[in-house]
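Next come the chains, spelled out residue by residue.
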Amino acid sequence: MSILVVGTVALDGIETPFGSADNIFGGSATYASLSASYFHDDVRLVSVIGNDLPQDYLQALEKRNINLEGLEQRADEKTFSWRGRYHYDLNERDTLATDLNVLKTFDPIVPARYLDSRIVCLGNLDPGIQQKVLDQVPDAEFVVADTMNYWIQQTPDSLRSLLGNVDCLIINDSEARELADEPNLIRAASSIRNLGPSTLVIKKGEHGAMLFTDGVMFSAPAFPLEDIEDPTGAGDTFLGGFIGYLAGQQLTDEATLKRAVIYGSAMASFVVEAFGPERLLNLNDRTIHRRLRAFRELSTIPAFELPLGSVA
Ligand code: AMP
């Protein structure tokens, strides 16, 4: 199944307690498409950049065979840029600046060759733009979306209207609480699912991720790591691994969705090991398989007898 990814391609400024850097390659579409490219060879990008994105950043996407026909390049404007600072607890971060630049007037045109995309991945972006992309791919079989507090606060109405057209929403725990206006995550999950998406994934940083779908609640841990350098892009990388796995499957049933959560978590565990998307540029199948296996061992509960016998 071909995958269309829309989102930001960005220049990031990142500050962590252990170091900082400017003009790092980033953006939701960058991380999601790089991550998905390890599981699928037909990943198609829709985004916009200005005149200041280094050529080798684009070459990094091309090297992973990501289709860039839908990447608009503007000669007289600047690329979207974001600056964030992480706290000592890396689950906490402050956005210091968001410069929309080219995004302010982005009117996405999905190339004719992308119109048969089966999975549409609406990476974190203005929900109005996410909807415009979706309108152009009416035959998509599975629509997955991400969003963040910025859009929950700035564009609540268009976000709610988009959610009515989405099969699966992937957001983090604080965003879920904010979107539902409900502190309890289980209650928040049920009210978000009432807005449209039948499947919801709530990411909880180093505490893992939860999946909610019809009658099912599933919880996966995050892969425990000793060295985390930069959490930027972990959520988008999760999204890429999740859809990358789904694209190779025929179904989106309960078991497949649970496995997709593990694939997403495994990919996210790589990206945080280095600054920016560095780690996503040079992975190989063997390294990914090893981590997936370690993940399975980490989370498998040996079968056990229930103390009261059969109390059916
Ligand atoms: P994550 O750490 O997964 O939340 O993603 C971080 C990436 O999201 C960075 O590379 C940013 O460029 C990008 N980003 C930050 N703010 C926004 C926004 N408001 N809309 C879209 N992308 C954003």
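To be clear, the structure that these remarks concern was listed above.
The paragraphs below set out a description of the structure included in this document. The shown structure was predicted, so the numbers you read here are calculated from the model rather than taken from an experiment.

The next thing to look at is the packing of helix H9 (residues 254–271) against helix H10 (residues 285–299). How two helices pack is summed up by the angle between their axes together with the distance between the axes. Running from N to C, H9 and H10 point in directions that differ by 120 degrees, and their axes come no closer than 10 Å. Relative to H10, the crossing made by H9 is right-handed. Across the interface between the two elements, Ile262, Tyr263, Ser265, Ala266, Met267, Ser269 and Phe270 from H9 touch Thr287, Ile288, Arg291, Leu292 and Phe295 from H10.

All told, the structure shown has zero disulfides when counted by the stated rule. In this structure Cys121 is a free cysteine whose sulfur lies 9.7 Å from that of Cys168, the closest cysteine sulfur available.

Attention now goes to the sheet that holds strand E7 (residues 93–99). The four strands lie next to each other as E3-E2-E6-E7, forming an open sheet whose pairing is mixed. Every interior strand has two partners, whereas the edge strands, strand E3 (19–26) and E7, have only one. On average, each strand axis in the sheet is inclined to that of its neighbour by 15 degrees, with strand direction left out of account. Relative to strand E6 (residues 81–86), strand E2 (residues 10–16) is paired through five bridges, and the arrangement is parallel. From the neighbouring strand, Asp12 faces E6, where its bridge partner is Trp82.

Moving on: helix H5 (residues 156–163). Within H5, burial applies to Leu159, Leu162 and Leu163. Down the axis of H5, the sector holding all buried residues measures 100 degrees, keeping them to one side.

Glancing now at the pairing of E6. Looking at chain direction, E6 and E7 are connected through six bridges and run antiparallel. Paired with Tyr86 across the two strands is Arg93, which belongs to E7. Hairpin geometry of E6 and E7 is characterised by an intervening segment of six residues between the two adjacent antiparallel strands.

Bringing the pattern of salt bridges into the picture now. Taken as a whole and judged by the stated rule, the model has 15 salt bridges. Across the salt bridge formed by Glu182 and Arg187, the nearest N and O atoms sit 3.9 Å from each other. Residues Glu273 and Arg291 are paired through a salt bridge, measuring 3.1 Å at the closest nitrogen-oxygen approach. Here Glu273, found in the loop between H9 and H10, pairs with Arg291, found in helix H10; they are 18 residues apart in sequence, far enough to count as distant. Under the relative-accessibility criterion, Arg291 is labelled buried at 14%. Put simply, Glu15, Asp22, Arg83 and Arg85 are held in one network by salt bridges that share partners.

Looking now at the site of the ligand. Close to the ligand lie 19 residues; Asp12, Gly27, Arg93, Gly233 and Asp236 are nearest. Gly233 places a polar main-chain atom, nitrogen or oxygen, 2.7 Å from an oxygen atom of the ligand. Isolated, the ligand exposes 500 Å² of accessible area, and the fraction of that covered by the protein chains is 94%. For the shell around the ligand, the secondary-structure elements that each account for two or more residues are E2, helix H4 (149–154) and helix H8 (234–247). Looking at side-chain class alone, the shell around the ligand contains nine nonpolar, seven polar and three charged residues.

Turning our attention to helix H2 (residues 55–63). Turning to H2, its buried residues number three or more, namely Tyr57, Leu58, Ala60 and Leu61. Looking straight down H2, one finds that the buried residues subtend no more than 150 degrees of arc, so they occupy a single side. Every exposed residue of H2 that faces more than 90 degrees away from the buried side is listed here: Gln55 and Lys63. The secondary structure elements touched by the buried residues of H2 are E2, E3, helix H1 (28–36), strand E4 (43–49) and strand E5 (67–73). Just past H2, the residue Asn65 takes up positive phi, approximately 65 degrees.

Thresholds, definitions, all that
Residues numbered from 1 in each chain as written. Predicted model: local features only at pLDDT ≥ 70, side-chain atom pairs only at ≥ 80, totals over all residues. Heavy atoms only, no water. Axes fitted to C-alpha atoms, helices over the stretch in contact; angles between N-to-C directions. Helix = DSSP H or I, 4+ residues; strand = E, 2+ residues; numbered from the N terminus. Left-handed = near helix turned anticlockwise from the far one by under 90°. Contact = heavy atoms within 4.5 Å. Disulfide = S-S within 2.5 Å. Pairing = 2+ DSSP bridges. Buried < 20%, exposed > 50% of the residue type's maximum accessible area, 1.4 Å probe, protein only. Arc of directions from axis to C-beta. Salt bridge = Lys/Arg side-chain N within 4 Å of Asp/Glu carboxyl O. Near = heavy atom within 4 Å. Polar contact = N/O pair within 3.5 Å; in protein donor to acceptor, adjacent residues only side chain to side chain. Areas by Shrake-Rupley, 256 points an atom, 1.4 Å probe, with all protein chains shown as cover. Nonpolar A, V, L, I, M, F, W, Y, C, P; charged D, E, K, R; others polar.

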